[in-house]
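# Topology and contacts: notes
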Amino acid sequence: MINVLVTGSNGQLASCIKDLENKYSDLNFIYTDYLELDITNKEDVTSFFKQHSKIDYCINCAAYTAVDKAENDIEKAFAVNAIGPKNLVLVCSEYDTVLIHVSTDFVFDGMQSFPYIEKNIANPISIYGKSKLQGEKEITSNLGKYFIFRTSWLYSEYGNNFMKTMLSLAETRDEISVVSDQIGTPTYAKDLAAVILKVILEGNSFYGVYHYSNEGVASWYDFAKAIFDSQNISIKVNPIKTEFFPTPAKRPMYSVMEKTKIKDKIGLEIPYWKDSLKEATYNYCG
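What counts and how
Counting of residues starts from 1 at the beginning of each chain's written sequence and follows it residue by residue. In view of the model being predicted, local features appear only for residues whose pLDDT reaches at least 70, and side-chain atom pairs are presented and counted only at 80 or more, with totals across whole chains, interfaces and linings using the full set of residues. No hydrogens and no water enter the side-chain calculation; it runs on all heavy atoms of the structure. For this analysis, a salt bridge means a side-chain nitrogen from Lys or Arg found within 4 Å of a carboxyl oxygen belonging to Asp or Glu. Secondary structure elements follow DSSP: runs of H or I no shorter than four residues count as helices, runs of E no shorter than two count as strands, and numbering proceeds from the N terminus. Burial here depends on accessible area, computed with a 1.4 Å probe over protein chains only, as a share of the maximum for the residue type. Under 20% is buried, over 50% is exposed, and the range in between is partly exposed. Note on contacts: a residue pair qualifies if any of its non-hydrogen atoms lie within 4.5 Å across the two residues. N or O atoms closer than or at 3.5 Å make up a polar contact, with two conditions inside protein: a donor-capable atom paired with an acceptor-capable one, and, for residues adjacent in sequence, both atoms drawn from side chains. A pair of strands is treated as paired once DSSP finds two or more bridges between them. Axis lines are fitted to C-alpha atoms, over the contacting stretch for helices. Their N-to-C directions set the angle, which ranges from 0 to 180 degrees. Note on angle classes: values under 35 degrees are labelled roughly parallel, values over 145 roughly antiparallel, values of 65 to 115 roughly perpendicular, and the remainder oblique. Crossing handedness is read from the near helix: turned anticlockwise from the far helix by less than a right angle, it gives a left-handed crossing, and turned clockwise, a right-handed one. Note on residue classes: Ala, Val, Leu, Ile, Met, Phe, Trp, Tyr, Cys and Pro are nonpolar, Asp, Glu, Lys and Arg are charged, and everything else, Gly too, is polar.

## A closer look at the pattern of salt bridges
- For the coordinates displayed, the defined rule picks out nine salt bridges.
- Salt-bridge contacts for Lys 190 lead to Asp 19; the nearest nitrogen and oxygen are separated by 3.3 Å. Pair noted here: Lys 190 is in helix α6 (residues 189-201) and Asp 19 is in helix α1 (residues 12-20), with a separation of 171 residues, a long-range link.
- Note that Asp 56 is salt-bridged to Lys 54, the shortest N-O span being 3.8 Å.
- Residue classification places Asp 56 among the partly exposed residues on the basis of a relative accessible area of 23%.
- Under the relative-accessibility criterion, Lys 54 is labelled partly exposed at 39%.
- Through salt bridges that share partners, Asp 19, Glu 157 and Lys 190 make up one connected network.

Below, the structure written as structure tokens:
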């Protein structure tokens, strides 16, 4: 039996792992939220590992993801996104545990116009992005056995995300405006969860940084239109430029990620984003 610790158990990615766990009888999951395991407290992390039988893998789903709030909540963002991974690295190294960490397209500035590869220089333009990049550095500089999965525009039936926000707005509005000049790829959290579990089950040892999103390219406007189309919702969606929708945190204008590495090393056929969206909206709306 392979013991798998999952932090941030109330978030959307961990919730998707829970949905899939029945398919993986060889894996024993230990789910924790911040009340049971505070990754920002090294003594707490050390004590948790001591109290449990051998933890073979740690999937770190704990993250500070309030992008705009982070601009003024800098200490908390870095505590969760940087110090937390640092603490996990120290303990995973001691107990020979493989760390699987989830990062973001926000580590890039979005200034290029072609898909980002893993070796492109990171240059985050928000506190959130900077805190996530620091978390990556803590892992890559101090641990040998790790997987970092950078993903983008994550959504699911759980938590707070763009898909659920759009469906909620459609209940009370007949017209909305959505940014059309930020380009990336929506990613269904359940698809990412399946990739992570595949890595564990197969004992993959091609450690390193990987990009994972669904296939295809979209704007937030395209994403919104597809969400409504998937449920045959009649609502007028107006495309607007980022300059007319100011936010406290800057977003990458282009954050499409190249996925050749993960396809080659892990052996994947990645679903197209609209196909996964149909599954997600069906699961959520029935």
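## Some details on helix α5 (residues 162-169)
- Turning to α5, its buried residues number three or more, namely Phe 162, Met 163, Lys 164, Met 166 and Leu 167.
- Turning to α5, the residues buried within the fold contact β6 (154-155), β7 (175-179), α7 (220-230) and α9 (273-285).
- Measuring from the backbone nitrogen of Met 163 back to the side-chain oxygen at the start of α5 gives 3.2 Å, which picks out Asn 161 as the cap.

## Let's talk about the sheet that holds strand β3 (residues 57-60)
- If you trace the six strands from one edge of the open sheet to the other, you get β2-β1-β3-β4-β5-β10, paired in parallel fashion. The outermost strands of the open sheet, each flanked by one partner alone, are β2 (27-31) and β10 (208-211). Averaged over all adjacent pairs, the angle separating strand axes in this sheet is 20°, with direction ignored.
- Summarising the sheet, β3 and strand β4 (residues 98-104) pair through four bridges and their orientation is parallel. Bridge pairing links Cys 58 to Leu 99 in β4.
- Packing of helix α4 (residues 127-142) onto the sheet brings it into contact with β4, β5 (146-151) and β10, and relative to β4 it is tilted by some 155°.
- Each of β1 (2-7), β2, β3, β4 and β5 touches α6; the most contacted strand, β5, lies at about 165° to it.

## Quick word on the packing of α7 against α9
- For the pair α7 and α9, the least separation of the axes is 10 Å and the interaxial angle reads 50°. It follows from the interaxial angle that α7 and α9 lie oblique. The handedness of the crossing between α7 and α9 comes out as right-handed. Residues Asp 222, Phe 223, Ala 226, Ile 227 and Ser 230 of α7 lie in contact with α9, whose contacting residues are Trp 273, Lys 274, Leu 277 and Thr 281.
- The residue inventory of the contact of α7 with α9, partitioned by class, reads five nonpolar, two polar and two charged.

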